[in-house]
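The lines below spell out each chain.
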Amino acid sequence: ETGVTQTPRHLVMGMTNKKSLKCEQHLGHNAMYWYKQSAKKPLELMFVYNFKEQTENNSVPSRFSPECPNSSHLFLHLHTLQPEDSALYLCASSQREQGGQPQHFGDGTRLSIL
Amino acid sequence: GENVEQHPSTLSVQEGDSAVIKCTYSDSASNYFPWYKQELGKRPQLIIDIRSNVGEKKDQRIAVTLNKTAKHFSLHITETQPEDSAVYFCAAPRISSGSARQLTFGSGTQLTVLP
C-alpha cells in the first residue's frame, strides 16, 4: 500500500538544526494526523488536521510546528529539538476526523537527535 | 480521557497454535475498535476492526470479539504462522481536547511465532 508517503525515511540532526518532515496521502482523505512512536510506549497523538484546519494539539512542545497547506499534504517543522525527541514519527490519514474511522499510516520518519 | 490497556506485552506461541491479545477501555461511549499489525521497520497496518453493534467479526484466521458490558475486546489468531510475528496494537476512540473523538492506542503486544 502506498497511499500515505512520508519523507525522509531517516533523519539525523543536531539540536540546533531546522528540518521538516513531509507526508502526502493519495487516498482522498480529509483528516491527517502526526503520531510519535517511541520504544515501549503507545503511539502518541501529536496533531490532527481536518480539511486542512488544525483541530487538535495534544500538548506538543512548540519546537514541533505542523503545517497543512491542503488535505493531501502535511508537514512537521522541527527546530531546536532535544535528544528525547528521537523517535519514529508516523503520519496517518482517514476519511473524516472521527474516532470511528480507520486510519492509514505511512512508513514513518526515523528521527535521531544528536 | 480514554485509557486503553493491552495485555500481554509479549506473547510467544508455537507455530500452529492460537494467540489471543486482550484490550480494555474505559469510555462506555466508544463504538469502534481497530487492530493494527506492525512488522519490524514497517508501518502499522489495519488488520481487522469491529463496531459496537456486533459482538464478533472474523476474517480468515483472525477474529475480534467485543464485550461491551465488560468493556473489553480481544484479537484471536488461529493456526499461527511465522509471518504473524509482529507487534499488534489495539485502539479505541476517546474524548479529546478537540471536538472529535480520537483513537487512543494500546501499548502493543510483541507476538513471536516459534517454528
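Residues numbered from 1 in each chain as written. Chains lettered and ligands numbered in written order. Predicted model: local features only at pLDDT ≥ 70, side-chain atom pairs only at ≥ 80, totals over all residues. Heavy atoms only, no water.

S.K.: Just checking my understanding: could you explain the overall build of chain B for this structure?
M.R.: When you go through chain B residue by residue, the secondary structure sums to zero helices and eleven strands. The order of α-helices and β-strands along chain B, N terminus first, is β-β-β-β-β-β-β-β-β-β-β. Compactness check: chain B gives a C-alpha radius of gyration of 14 Å against a globular reference of 13 Å for 115 residues, within 12% of the reference. Oriented by its inertia axes, the alpha-carbon framework of chain B measures out at about 45 × 30 × 20 Å. Of the contacts formed within chain B by residues at least 6 apart in sequence, a portion of 53% connects residues at least 24 apart. (Helix = DSSP H or I, 4+ residues; strand = E, 2+ residues; numbered from the N terminus. Rg over C-alpha atoms; globule rule 2.2 N^0.38 Å. Contact = heavy atoms within 4.5 Å.)

S.K.: Any chance you could explain the interface of chain B and chain A here in plain terms?
M.R.: A common measure of how large an interface is: the accessible area buried when the components associate. With 23 residues of chain B at the contact, the number on the chain A side is 26 residues. Surface buried jointly by chain B and chain A totals about 1900 Å² across both partners, of which 45% is contributed by carbon and sulfur atoms. For the interface between chain B and chain A, the tally reads two salt bridges. When the shortest N-O distance is used, the salt bridge between Arg 94 of chain B and Glu 56 of chain A registers 3.6 Å. Scanning the region where chain B abuts chain A turns up six residue pairs in polar contact (both at pLDDT 80 or more). If you list the elements that add at least two residues to the side of chain B that touches chain A, you get strand E4 (32–38), strand E5 (45–51), strand E9 (86–94) and strand E10 (102–105) of chain B. (Buried area = accessible area lost by both parts, 1.4 Å probe. Salt bridge = Lys/Arg side-chain N within 4 Å of Asp/Glu carboxyl O. Polar contact = N/O pair within 3.5 Å; in protein donor to acceptor, adjacent residues only side chain to side chain.)

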